[in-house]
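Structural overview for review
Chain by chain, the residues run as shown.
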Amino acid sequence: MIIVGLTGGIGSGKTTVAKEFEALGIPVYIADIEAKKLMNRSKVIKRKLIALLGENAYLEGKLNRSYIAGVIFNDKTYLEKMNAIVHPKVARHFEKWVVKQNTSYVIKEVAILFENGGDAQCDYVITVTAPKAIRIQRLLKRDNTSKEKVEAIMKNQWSDSEKIKYSDFVIVNENLEETRLQAYKIHHKILQKIQ
Ligand SMILES: CC(C)(COP(=O)(O)OP(=O)(O)OC[C@H]1O[C@@H](n2cnc3c(N)ncnc32)[C@H](O)[C@@H]1OP(=O)(O)O)[C@@H](O)C(=O)NCCC(=O)NCCS
Ligand SMILES: Nc1ncnc2c1ncn2[C@@H]1O[C@H](COP(=O)(O)OP(=O)(O)O)[C@@H](O)[C@H]1O
């Protein structure tokens with residue numbers, strides 16, 4: 001199975017772009033959603049995260065997202081330790097998912113694809129970009145967050161220019177119509193490459 005990584009910083013428009021590929025019939029795996037599901041249901045992950053971050057990591061048995069985000073995005077040591085607990089499980093979950101798909105390729109959406117070396121498992125990588133100021137504006141509208149929280153997350157992610165260097169395709173996501181068109185063109189280029 002051909003795996004196409006879809007990445008981009010927080011608020012760049014990965015999920016928006018992923019929907020375009022879904023509309024073209026391509027299955028999409030959203031690593032962050034699956035990671036959170038695993039963190040909620042895996043007893044092993046739960047035990048390890050509580051050992052790392054304390055009892056506050058879960059509230060009434062559910063992942064305490066705001067507490068965890070406050071710790072890991074302000075301390076790289078915790079972020080790296082948490083990634084080491086969660087990412088191998090997500091990788092195994094993805095492997096099981098991908099063999100069940102029956103299309104010419106699949107999309108794997110990962111915010112930190114390059115940062116965690118996940119690009120090595122992808123045949124092609126698409127990076128979604130948008131200016132930082134626009135991304136912040138979008139996130140203030142999308143989430144109950146603050147500019148400071150968004151900037152703390154951005155500090156733990158590669159810059160667009162760094163990601164572009166290692167990408168096969170780039171989608172500049174400013175105008176939605178143009179984004180749709182770019183996704184459509186890339187879809188056909190990928191089909192041409194793999195057929
Ligand atoms: C910390 C956490 C609990 C916060 O949950 P939340 O408040 O619901 O926030 P989100 O999951 O929307 O994360 C906010 C942003 O943080 C970024 N992010 C998530 N995990 C990250 C990580 N390990 N390193 C760096 N940035 C990360 C993403 O850009 C994400 O936004 P996007 O998906 O819109 O790009 C959640 O992000 C998490 O569980 N992260 C660990 C899982 C993980 O590593 N996911 C990455 C793909 S495997
Ligand atoms: N081109 C665009 N124009 C206006 N709003 C957009 C555009 N692209 C994405 N958005 C909005 O910006 C927010 C962030 O986009 P999203 O796809 O969730 O980004 P990511 O998954 O990279 O964090 C969402 O609320 C989305 O609806």
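Given the structure is predicted, the values throughout are model-derived calculations rather than measurements. (Residues numbered from 1 in each chain as written. Chains lettered and ligands numbered in written order. Predicted model: local features only at pLDDT ≥ 70, side-chain atom pairs only at ≥ 80, totals over all residues. Heavy atoms only, no water.)

**A few points about the site of ligand 1**
- Near ligand 1 lie 20 residues; those nearest to it are K14, D32, K36, R65 and H87.
- Separating an oxygen atom of ligand 1 from a side-chain N or O atom of K14 is a distance of 2.6 Å.
- In this structure, an oxygen atom belonging to ligand 1 sits 3.2 Å away from a side-chain N or O atom of R142.
- Relative to its unbound accessible area of 840 Å², ligand 1 is 90% covered by the protein chains.
- For the shell around ligand 1, the element with the highest residue contribution is helix α2 (residues 31-41), accounting for five residues. (Near = heavy atom within 4 Å. Polar contact = N/O pair within 3.5 Å; in protein donor to acceptor, adjacent residues only side chain to side chain. Areas by Shrake-Rupley, 256 points an atom, 1.4 Å probe, with all protein chains shown as cover. Helix = DSSP H or I, 4+ residues; strand = E, 2+ residues; numbered from the N terminus.)

**Considering the pattern of salt bridges**
- In the structure shown here, the tally under the stated rule is seven salt bridges.
- With a closest N to O distance of 3.0 Å, R142 and D143 form a salt bridge.
- By relative accessible area, R142 is classed as exposed at 58%.
- The shortest N-O distance in the salt bridge between K165 and E162 comes to 3.2 Å. Of this pair, K165 and E162 both sit in helix α8 (residues 160-165), three residues apart, which is roughly one turn of the helix.
- In this structure K165 comes out as exposed when scored by relative accessible area, which is 59%.
- E162 gets classed as partly exposed once you look at its relative accessible area, which sits at 28%. (Salt bridge = Lys/Arg side-chain N within 4 Å of Asp/Glu carboxyl O. Buried < 20%, exposed > 50% of the residue type's maximum accessible area, 1.4 Å probe, protein only.)

**Comments concerning the UniProt feature "binding site: ATP" (unreviewed entry) in the chain**
- Residues annotated by UniProt as "binding site: ATP" (unreviewed entry) correspond here to G11, S12, G13, K14, T15 and T16.
- As for its position among the elements, G13 is in the loop between β1 (2-7) and α1 (14-23).
- Judged by relative accessible area, G13 falls into the buried class, the value being 11%.
- Among residues more than four places away in sequence, those in contact with G13 are V128, R138 and N173.
- Looking at the element boundaries, T15 is found in helix α1. (UniProt positions renumbered as here; feature names shortened; annotations may be inferred. Contact = heavy atoms within 4.5 Å.)

**Considerations on the nonpolar core**
- Counting 31 residues, the largest nonpolar core has M39, I45, L49, L53, M82 and V86 as its most contacted members.
- Elements supplying a minimum of two residues to this core: α2, α3 (43-53), α4 (65-72) and α5 (76-98).
- The dominant element in this core, judged by the number of residues it contributes, is α5, at eight residues.
- Ignoring sequence-local partners within four residues, the contact set of M82 consists of M39, L49, L52, L53, I68 and I72.
- V28, I30, I171 and I190 belong to the second-largest nonpolar core, a separate cluster that totals 19 residues. (Core = buried A, V, L, I, M, F, W, Y, C linked by side-chain atoms within 4.5 Å.)

**A closer look at the site of ligand 2**
- In the neighbourhood of ligand 2, 13 residues make up the surrounding shell, with K14, T15, T16, R142 and N173 lying closest.
- R142 has a polar side-chain atom sitting 2.7 Å from an oxygen atom of ligand 2.
- Residue N173 places a side-chain N or O atom 2.8 Å away from a nitrogen atom belonging to ligand 2.
- Burial of ligand 2 by the protein amounts to 74% of the accessible area it has alone, namely 560 Å².
- Sorting the residues of the shell around ligand 2 by element identifies α1 and α6 (132-142) as the ones contributing at least two each.
- In terms of residue count, α1 provides more of the shell around ligand 2 than any other element does, three residues in total.

**Quick look at the environment of R65**
- Mapped onto the fold, R65 is located in helix α4.
- Exposure remark for R65: the relative accessible area of 54% places this residue in the exposed category.
- Sequence separation of R65 and A84 is 19 residues, and the distance between their C-alpha atoms is 18 Å.

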